[in-house]
Amino acid sequence: MAKPKLAVVKMTGCAGCQMEVLRIEDKLLDLVGAVDVAYFYMATSANRHGPYDVALVEGSVSTPRELRELKELRERTKLLIALGDCACSGCLPSIVNWVPPQESAKVYERFLEIHSKKESFQRVYPLSAHVRVDLELRGCPPHRDAILEALKGALLGIKPFLREHPVCVECKLKENVCLLVCEGRPCMGPVTAAGCGAACPSNGRVCEGCYGPMSDANASSLAEILAKRCGLSREDLIGKFRKYAGLTPAFSKEASGGI
Amino acid sequence: MGGKVIAKDSLGEFVSKLSERYRIFGPRKKGTEWIFDEVRSAEEMDLRYSTTILPPRKFFIPTSERIFSFKMDGGVEEPEERDGPSLIFGIHSCDLNALLLLDMVFLEGEFPSPSYARRRERTALVALTCIDPSENCFCESMGTGPSPAGGYDVLLTDLGREYLAESGSRRGEEMLALAKGRAVTAADLEGKAKAIECAKSKFKKKVDLKGIDELFLRNLDNPVWKRLGEKDLACGICVNSCPTCFCFDVRDQLDFPMVGGVRYKEWDACVLLEFSQVALGGNFRRDRAARIRQFIGHNLGWGGASQFREFKGRAKCVGCGRCIRYCPAGIDLTEVVKELRGI
């Protein structure tokens, strides 16, 4: 039986998620043994066009060319997996959706001369806004274990087990001192999906929310707590909820200032 | 059972002797909080601790535990338990009573757990009378403190310059034989009684247990639950810090490449959406209100209800106060009871 063909494709993003695929390290050779890596620009120069059995797609869609490529890819791919926050929820590139063009011009002196800007959409959206997505691997970047779990699921034809409960679960089970309750710091853990192993709180940093909303995120309650307990302003709260997953239904209200 | 009075500066020597026989786990300071952690000497422990982030059940029901490994061709291998005798030093009365409640589930229940039984058997317990309950404690209301009536091997009570050490088992007798100390007098026992009375005067939170099962069953549709559901973050902190919550999930994890894997179990929490999800996405408690009602109801109410008889009519809650202390949303089950009573 021929090995399933895998493609790793990039749209608008920082390439950190594909990097994470390479970080599978000790399992990478097993992976290469189990699948035919047909397209992976970061890893090989022998890239082939589809059809593919599985495609891991990183990045959000910000240009007409990307949109065309994504639609073609969808047609040539059995299982299309959104890899990371940009692909799942827009992540950092999607912040542009709330920023008026004149604001961007303040940051970039010759804004209109930026090549990608000339041909790009006004708004940036995740893959699911344009095509059917079979699985979303969230995180900035997704944890390597989740990538493996997804690939295992794809190879076996079973539903992968991905965490949807909040970071607080992983954090508490590690017996970290709660940064929000005990130190009054603005942690996004209670509304953020787990899977990272509570990486930031375990190192004394608040959760930034990079896995996006957990299965039943109560964003309005947390926003109220962060305002009351940690003294966050309306602008602070908008930033917190907009940063990684402001386009998601669970965070959209808080990401737009509660309206 | 016998006892001894141990001078505080002899405690280190006692712990050191015990450490030759047992791996000792005691309350250790971590930032603003405490955790039960392995210690090698009395100095590493803070016996004036308030409470720990995770309850001692973590030693008996690990947060994640391999049940067995399997090969795709059919081989199954159970993990070997190599751990020797261990000792939990300074367990408070609430947490000790929590273990006695868990015993009803995992030793005396319909489906006893061999691994729980092994761990309980090999773990000695040195309990500590609580002389300074925290602002969130209400063990007195639950009948689980501030000093335990039994279930310990040794019970320590702080008498000022000395500890009254009472043994509660044969193992406790053997342990106390290692301690340097003087005989117990009537004045020492009186000192203990006074310390307990003094502790009781410090409780700020109380729960009235009168007719509590009926109270909860009568109030299943009380608007209080909807209001709590709006506040509730469903973060799972209350359940994971609870000393008597015992729910777990069982899963298979395949290796890569897929020649085998492990079946493991890990703590689960009824306040999480996934907990009551079944095939095809059905969910018995989709609303947060229903889930927080389940957590609080199971802890305080419906102990007598037919489907929750695991504690033989007793309340599951031991009043340790962790779920109050660590709730980011400020949900306080003692206040919820008052609201249900219309106080």
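All values reported here derive from a predicted model rather than from experimental measurement. The residue count restarts for each chain, going from 1 along the sequence in the order it is written. A letter from A marks each chain and a number from 1 marks each ligand, given out in the order of writing. Where local features are concerned, this predicted model is filtered to residues with pLDDT of at least 70; where side-chain atom pairs are given and counted, the filter is 80 or more; whole-chain, interface and lining totals use all residues. Side-chain figures throughout are based on the complete set of non-hydrogen atoms in the structure, without hydrogens or water.

1. Considering the overall build of chain A
Helix and strand counts for chain A stand at eleven helices and five strands. Our radius of gyration is a C-alpha quantity, and the globule rule it is checked against amounts to 2.2 Å times the number of residues to the power 0.38. Taking 2.2 N^0.38 as the reference for a compact globule, 259 residues should give roughly 18 Å; the C-alpha atoms of chain A span a radius of gyration of 19 Å, in line with that estimate. When the 259 residues of chain A are sorted by exposure, 48% land in the buried category. Two residues form a contact once any of their heavy atoms are found within 4.5 Å. Looking at chain A alone, contacts between residues at least 24 apart form 72% of all its contacts between residues at least 6 apart. Summed over its atoms, the accessible surface of chain A is roughly 12200 Å², and 54% of this surface lies on carbon and sulfur atoms. One way to put it: in chain A the 34 positive side-chain charges average out to a point 1 Å from where the 30 negative ones average out. Note on conventions: DSSP H or I runs of at least 4 residues are helices, E runs of at least 2 residues are strands, and numbering of each starts at the N terminus. Buried, partly exposed and exposed residues are distinguished by accessible area as a fraction of the type maximum, computed with a 1.4 Å probe on protein chains only: under 20%, between the cut-offs, and over 50%, respectively. Here the Shrake-Rupley method, with its probe set to 1.4 Å, supplies the accessible areas, and only the displayed protein chains count as covering residues. Positive: Lys, Arg. Negative: Asp, Glu. His and the chain ends are not part of the count. The atom standing in for a charge is NZ when the residue is Lys, CZ when it is Arg, CG when it is Asp and CD when it is Glu.

2. So, the domain arrangement of chain A
Residue and element names in this part refer to chain A. For chain A, the assigned domains are domain 1 (5-156) and domain 2 (167-255). Note that domain bounds follow an automatic or database assignment of domains. Between the C-alpha centres of domain 1 and domain 2 the distance comes to 25 Å. A 1.4 Å probe defines the accessible area here, and the buried area is the portion of it lost by two parts on being joined, summed over both. Of all residues in domain 1, Ser-89, Trp-98 and Arg-138 bury the most surface against domain 2, accounting for 48% of the area lost on that side. Each salt bridge in this description consists of a side-chain nitrogen of Lys or Arg and a carboxyl oxygen of Asp or Glu lying within 4 Å of one another. Applying the counting criterion to the domain 1 and domain 2 interface returns zero salt bridges. N or O atoms within 3.5 Å of each other form a polar contact, as long as, within protein, one can give a hydrogen and the other can take it, and as long as residues adjacent in sequence are counted only when both atoms are side-chain atoms. Taken together, domain 1 and domain 2 are joined by four residue pairs in polar contact (both at pLDDT 80 or more).

3. With respect to the nonpolar core
Membership of the largest hydrophobic core comes to 78 residues, with the highest contact counts inside it found for Phe-241 of chain A together with Phe-216, Trp-225, Phe-295, Ile-296 and Leu-300 of chain B. Sequence-distant contacts of Phe-295 of chain B, defined by excluding residues within four places in its chain, comprise Cys-238, Val-239, Cys-245, Cys-270, Val-271 and Cys-323 of chain B. Residues Trp-34, Ala-42, Tyr-49 and Met-104 of chain B belong to the second largest nonpolar core, which totals 56 residues. Residues belong to a common nonpolar core when they are buried Ala, Val, Leu, Ile, Met, Phe, Trp, Tyr or Cys residues joined through side-chain atoms within 4.5 Å.

4. What about unusual backbone geometry?
Cis rather than trans, the peptide bond between Gly-50 of chain A and Pro-51 of chain A has omega equal to 5 degrees. Summarising the element assignment, Pro-51 of chain A is placed in the loop between strand S2 (36-40) and strand S3 (52-58). The amide bond that connects Gly-145 of chain B to the next residue, Pro-146 of chain B, takes the cis arrangement and shows omega of 10 degrees. As for its position among the elements, Pro-146 of chain B is in the loop between helix H5 (139-142) and strand S8 (154-158). Look at Glu-175 of chain A: it is not a glycine, yet its phi comes out positive at around 55 degrees. The topology assignment puts Glu-175 of chain A in the loop between helix H8 (167-173) and helix H9 (219-230). Not every positive phi belongs to a glycine, and Leu-280 of chain B is a case in point at roughly 65 degrees. Along the polypeptide, Leu-280 of chain B turns up in the loop between strand S11 (260-267) and helix H11 (288-300).

5. Side note on helix H4 (residues 114-122) of chain B
When H4 of chain B is considered as a whole, its buried residues turn out to be Ser-115, Tyr-116, Arg-119, Arg-120 and Arg-122 of chain B. Where H4 of chain B is buried, its residues contact helix H2 (57-60), strand S4 (64-71), strand S6 (86-92), helix H3 (93-106), strand S7 (123-128) and helix H6 (170-176) of chain B.

6. Looking at the interface of chain B and chain A
Bring the parts together and some accessible area is lost; that lost area is often taken as the interface size. Contacts between the two partners involve 41 residues from chain B, matched on the other side by 35 residues from chain A. A combined buried area of about 3100 Å² lies between chain B and chain A, and 62% of that area is made up of carbon and sulfur atoms. Of all residues in chain B, Leu-233, Phe-256 and Pro-328 of chain B give up the largest surface area on contact with chain A, accounting jointly for 24% of the area buried on that side. Inspection of the chain B/chain A interface yields four salt bridges. Applying the counting criterion to the chain B and chain A interface returns eleven residue pairs in polar contact (both at pLDDT 80 or more). Elements with a minimum of two residues in the side of chain B that touches chain A: strand S3 (33-39), helix H9 (223-231), helix H10 (237-240), strand S10 (248-254), S11 and H11 of chain B. For this classification, Asp, Glu, Lys and Arg are treated as charged, while Ala, Val, Leu, Ile, Met, Phe, Trp, Tyr, Cys and Pro are nonpolar and the rest, including Gly, are polar. Looking at the side of chain B that touches chain A residue by residue, the classes come out as 20 nonpolar, seven polar and 14 charged.

7. Some remarks on the sheet that holds strand S5 (residues 76-77) of chain B
Residues and elements named next belong to chain B. Taking strand neighbours across the sheet as the criterion, the four strands line up as S5-S4-S11-S10 in an open arrangement whose pairing is antiparallel. Single-partner strands in this sheet number two, and they are S5 and S10. Where S4 lies against S11, seven bridges are found, and the strand directions are antiparallel. Bridging across to S11, Lys-71 finds its partner in Gly-260. The criterion for strand pairing is that DSSP finds at least two bridges linking the strands in question.

8. Things to note about the packing of H9 of chain B against H11 of chain B
Residue and element names in this part refer to chain B. Closest axis-to-axis distance for the H9/H11 pair is 8 Å, and the angle between their directions is 105 degrees. In this view, H9 runs roughly perpendicular relative to H11, as classed from their interaxial angle. The residues of H11 that touch H9, namely those facing Trp-225, Lys-226, Leu-228 and Gly-229, are Arg-288, Ala-289, Ile-292, Arg-293 and Ile-296. When its residues are assigned to classes, the contact of H9 with H11 shows five nonpolar, one polar and three charged. Orientation is described by lines fitted to C-alpha atoms, with helices fitted over the stretch in contact, and by angles between N-to-C directions that extend from 0 to 180 degrees. Roughly parallel here means an angle under 35 degrees, roughly antiparallel means over 145, roughly perpendicular means 65 to 115, and every remaining angle is called oblique.

9. Brief notes about the pattern of salt bridges
It is possible for side chains of opposite charge to pair when their charged atoms get near one another. Residues and elements named next belong to chain A. Under the counting rule described, the total for this entry stands at 42 salt bridges over all chains. A salt bridge links Lys-106 to Glu-103; the shortest N-O distance between them is 3.0 Å. Residue Lys-106 and its partner Glu-103 are both found in helix H5 (residues 101-107); the two are separated by three residues, about one turn of the helix. A salt bridge links Glu-224 to Lys-228; the nearest nitrogen and oxygen atoms lie 3.4 Å apart.

10. Some remarks on the sheet that holds strand S1 (residues 3-7) of chain B
All names here are of chain B. The sheet built from seven strands is open, its strands ordered S1-S9-S8-S7-S6-S2-S3 with mixed pairing. Looking along the sheet, the strands with just one partner apiece sit at the ends: S1 and S3. Strand-to-strand twist in this sheet, taken as the mean axis angle between neighbours without regard to direction, amounts to 25 degrees. As judged from the three bridges shared by S7 and S8, these two strands associate in the parallel manner. Bridge pairing in S8 links Val-126 to Val-154. Packing of H3 onto the sheet brings it into contact with S3, S6 and S7, and relative to S6 it is tilted by some 125 degrees.

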